[in-house]
Amino acid sequence: MSYTGKPPPLLYYQGPFTGKLIPQLGREVKQKMPEASHLRWKVFSVLMEMCQNLYLYSEEFSIGTEVEAPTGLVQIQEDAWGYQLTTINQLNALAIRALKQRLSRINQMSAEELRQYKNECRKTALEENLPGGSIGLAQVVLLSDSPIEIDYVPADRDQAYLILSSYIKKENANRLYGKSHFRSKTG
Amino acid sequence: MQTDFMENLILEARQDDFSTPAIRFNLEKGIFEMEGESFLENTFEFYAPVFEWLKEWKQKWQGTAVFNFKFTYFNSSSSKALLQIMAYIRDYAERGEPVAINWFYPDDNPDLLQEGEDFMETLNIPITFIPFEVEY
């Protein structure tokens, strides 16, 4: 136990995010979750997407290090029921507002709607030759067992620390087929 | 088979800093395989020569083609590249050439099965789904 009363995190990293660091973090998770399973695959997949999101969008850069790279924090905290994955990075207030709106929309989608949304984004990116499909966060929501939580702490007048958090339940990940999603379609 | 104007495309899987899939496009056998993990810093850079090869293939080639996709992981950026590859296969099929697409997925992973189903729905192409026991 740490002074917070929680067990030490499964993964914790704070500092520059180079492209090469992200797969290293993925390998570390695989080593720390030795039992190979769909659960480990989900934790790994969500980690990869959240780290790439941080890598692509963080607006704080390490200076004076070997490589100038976006900086941030990633943590995976295990509890009795699952794994909470959290990233923190600096972003301007306007971008956070836009992200909140986007997340508010995709957080409310059913699994089927999310798949449809992801497919449409991917198809549009292909047809319009866009560099990204903007589907990473939709994938995180699809694989998680709760909506992505979004919060922020002001850093200065224009910038804030964006906190994104997702949760993967242990029992759901290993339940095959007939998988339930945390939102059901209504209407 | 008219193999004189094109060469097979063979790329070994890599798992160092990043993961790239094995690519075995064998013209003589008419079997085209992609297998492993796909996670890269610059997805386009890796897949650009694969796209170029398939663009030429879909225009010039004739005969039965069997595509086997056997992934254990790909990130969302790679999924866009896979959609592009399947779109080239669809173009080939639309010329009236016989094509089969097999999507192998780990038998404990419904999410990877769904990824294949999503490609099928997006491009309106037939895909056969085949589970396999994954060795972690």
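A. View of the packing of aromatic side chains. All names here are of chain B. In total, this model carries 22 aromatic pairs over all chains according to the counting rule given. Between the aromatic rings of Phe25 and Trp53, the centroid separation amounts to 5.3 Å while the plane-to-plane angle is 50°, which identifies the pairing as tilted. Of the two residues, Phe25 is situated in strand E4 (residues 22-26) and Trp53 in helix H1 (residues 43-60); the sequence distance between them amounts to 28 residues. What makes Phe25 buried here is its relative accessible area of 0%. With a relative accessible area of 9%, Trp53 lands in the buried category. Ring geometry for Phe46 and Tyr47: centres 4.8 Å apart, planes at 90°, overall edge-to-face.

B. Structural view of the sheet that holds E4(B). All names here are of chain B. In spatial order, the strands read E1-E4-E5-E6-E7-E8; together these 6 strands make up an open sheet with mixed pairing. One side of each edge strand has no neighbouring strand; the edge strands of this open sheet are strand E1 (9-11) and strand E8 (128-132). Here the average twist between neighbouring strands, direction ignored, is 15°. Judged from the 8 bridges that link them, strand E5 (residues 31-38) and strand E6 (residues 65-74) form a sheet pairing that is parallel. Across the sheet, Glu35 pairs through a bridge with Lys70, a residue of E6.

C. Just the nonpolar core, in detail. Core analysis: the biggest nonpolar cluster contains 86 residues, and A:Leu47, B:Phe25, B:Trp57, B:Phe67, B:Phe69 and B:Ile85 have the highest contact counts within it. With 10 residues, helix H2 (residues 38-57) of chain A is the single largest residue contributor to this core. Leave out the neighbours within four places in its chain, and B:Phe25 touches B:Asn8, B:Leu9, B:Ile10, B:Ile31, B:Phe32, B:Glu33, B:Met34, B:Val50, B:Trp53, B:Leu54 and B:Phe67.

D. Seen up close, the side chain of B:Gln84. One can find B:Gln84 in helix H2 (residues 76-94). Setting aside residues up to four positions removed in sequence, B:Gln84 forms contacts with A:Leu126 and B:Phe51.

Quick notes on the rules
Residues numbered from 1 in each chain as written. Chains lettered and ligands numbered in written order. Predicted model: local features only at pLDDT ≥ 70, side-chain atom pairs only at ≥ 80, totals over all residues. Heavy atoms only, no water. Phe/Tyr/Trp six-rings, centres within 6.5 Å; stacked < 30°, edge-to-face > 60°. Helix = DSSP H or I, 4+ residues; strand = E, 2+ residues; numbered from the N terminus. Buried < 20%, exposed > 50% of the residue type's maximum accessible area, 1.4 Å probe, protein only. Pairing = 2+ DSSP bridges. Axes fitted to C-alpha atoms, helices over the stretch in contact; angles between N-to-C directions. Core = buried A, V, L, I, M, F, W, Y, C linked by side-chain atoms within 4.5 Å. Contact = heavy atoms within 4.5 Å.

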